[in-house]
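Commentary on secondary and tertiary structure
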Amino acid sequence: MPGKRGAGGGNANGIAEERAATLRLLRALVNDLGRSARSIERRTGLTNAQLHVLRLLGKRAPGAPSLSIGDVGRQTFTGPSTASAVVTRLIENGLVRCERDQADRGRIVLALTAHGRARLAKAPVATTDRLLHVFATLPAREMRLIRRGCCFATGVSRSRARSQQGSRLEYGCGPIIRSSRRGERWRLRFVMMAGLIATEAALFTFLLFSYFYLGSFSPQWPPVSKPALTLSAPNTLILLASSATLWWGERGIRRGSRSSLVAGTVMTFVLGAVFLSIQMVEYHRTNFLPQSHAYGSMFYTITGFHSAHVVIGLLMLLFVLARSLLGHFTPRRHLAVKSVSMYWHFVDIVWLFVFTTIYITPRFWWHQ
């Protein structure tokens, strides 16, 4: 009896060690899948799902029938909506094109573009691809056991795991990972930036209201000559051009071009710095100070606050530029670029109101 208990205890310890080793391997696999996906997305600008679809289209034999979106969904074990979303992003990035099947003219099939083949040739082998290759060599019984364990661990029914109909989960991430948390974080940060912009917009609204309020009660407004447009008009065009360059850079990263983002950010920073320099020159040329009269106080307060916001925007652009050079942004993950772009466009729009109020209205609203 003692010997049997000892053998039973040794067997239980062995099972516990096997479970612990299996859990360690699964944890290492999940971490490796995440690292591989992030590394590939930084290097190629593609997600695992997009890269897998490119490989599926690229390995098609010359005489083999072409694949439609439905074929891609069936071969990647995903629903039509998920496959369509992945293929649509590839088409937007110019990596895949739609064409009519030569054998059946009423059927739309997919084909790689030259840009897609070049991107695929440079892409490394993902951990997901190696894992799928291993799964392809396993017997059906072992695959059923793996599927049963995954369904139990994730809470997904086996019928749903087999059909994948109506699933909103993205294929190619190894374990089933929902994207709701990422969407919630994105919405939270977007709302925070929108709230900051709304607060700053209220500040400038009160400043411009104060300008008109003081002007309506002043015997002469402005008390000096009308502000010249010699510097302010070109400065306005420069600031508007900076918005265009930043929009171009943001559009580039959405299409997977980090070089466009870097170039657009650099050009925007240079144009913003030129705007500030011209603003300093204009301050030097004015013949009044903030303490000279109410108009001087409002002039320097409004334009000074706007210049401070431009300085903050330039610091944000430097932050985005540094992260761009480090390869932190991808077509799917560039929230910082969106936030800084929103702020910079807001600063430009505010300047249009400031320019109209300070430099344009005195030419139509002048009283003594």
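**Observations regarding helix 2 (residues 48–58)**
Of all 11 residues making up helix 2, nine are buried, and the element is well covered by its neighbours. For helix 2, the full list of buried residues reads Asn-48, Ala-49, Gln-50, Leu-51, His-52, Val-53, Leu-54, Leu-56 and Leu-57. By the N-cap criterion, in which a side-chain oxygen at the helix start approaches the backbone nitrogen of a residue two or three places on, helix 2 is capped by Thr-47, the distance to Gln-50 being 3.2 Å.

**A short note on the packing of aromatic side chains**
This structure, assessed with the given rule, holds 19 aromatic pairs. What links up through ring pairs into an aromatic cluster is the set Tyr-211, Phe-212, Trp-221, Phe-275, Tyr-283, Phe-288, Tyr-295, Phe-299, Tyr-300, Trp-351, Phe-355 and Tyr-359.

**Some points on the nonpolar core**
Counting residues in each nonpolar core, the largest one holds 39 residues, and the members touching the most others are Tyr-295, Phe-299, Ile-302 and Ile-358. Of all the secondary structure elements, the ones that give two or more residues to this core are helix 9 (180–217), helix 10 (232–254), helix 11 (258–285), helix 12 (294–325) and helix 13 (335–360). Here the element with the most residues in this core is helix 13; it accounts for 13 residues. The contact partners of Ile-302, leaving out residues within four places of it in the chain, are Phe-204, Leu-207, Leu-208, Tyr-211, Val-354 and Ile-358. Grouped together as the second largest cluster of nonpolar side chains are 20 residues, Leu-46, Leu-51, Leu-56 and Leu-57 included.

**So, the side chain of Glu-250**
With respect to the element layout, Glu-250 can be found in helix 10. Here Glu-250 is in contact with Leu-261, Val-337, Lys-338 and Ser-341, once residues within four sequence places are set aside.

What counts, and at which threshold
- Residue indices begin from 1 for each chain and proceed along its sequence in written order.
- The model is predicted, so local features are restricted to residues of pLDDT at least 70 and side-chain atom pairs to those at 80 or more, both for listing and for counting; the totals for chains, interfaces and linings are taken over all residues.
- The basis for the side-chain values is all heavy atoms of the structure; hydrogens and waters are excluded.
- Type-normalised accessible area, obtained with a 1.4 Å probe on protein chains alone, sets the label of each residue: buried when under 20%, exposed when over 50%, and partly exposed for intermediate values.
- Secondary structure elements follow DSSP: runs of H or I of four or more residues count as helices, runs of E of two or more count as strands, with numbering from the N terminus.
- Whenever a nitrogen or oxygen atom comes within 3.5 Å of another N or O atom, the pair is scored as a polar contact, on the condition that within protein one atom can donate a hydrogen and the other can accept it, and that pairs from neighbouring residues in sequence are kept only if both atoms are in side chains.
- Centres within 6.5 Å make a pair out of two Phe, Tyr or Trp rings, where for Trp the six-membered ring is used; the pair is then stacked when the planes are under 30 degrees apart, edge-to-face when over 60, and tilted otherwise.
- Definition of nonpolar core: a set of buried residues of the types Ala, Val, Leu, Ile, Met, Phe, Trp, Tyr and Cys, connected through side-chain atoms within 4.5 Å.
- Here, residues are in contact when the closest pair of their heavy atoms is within 4.5 Å.

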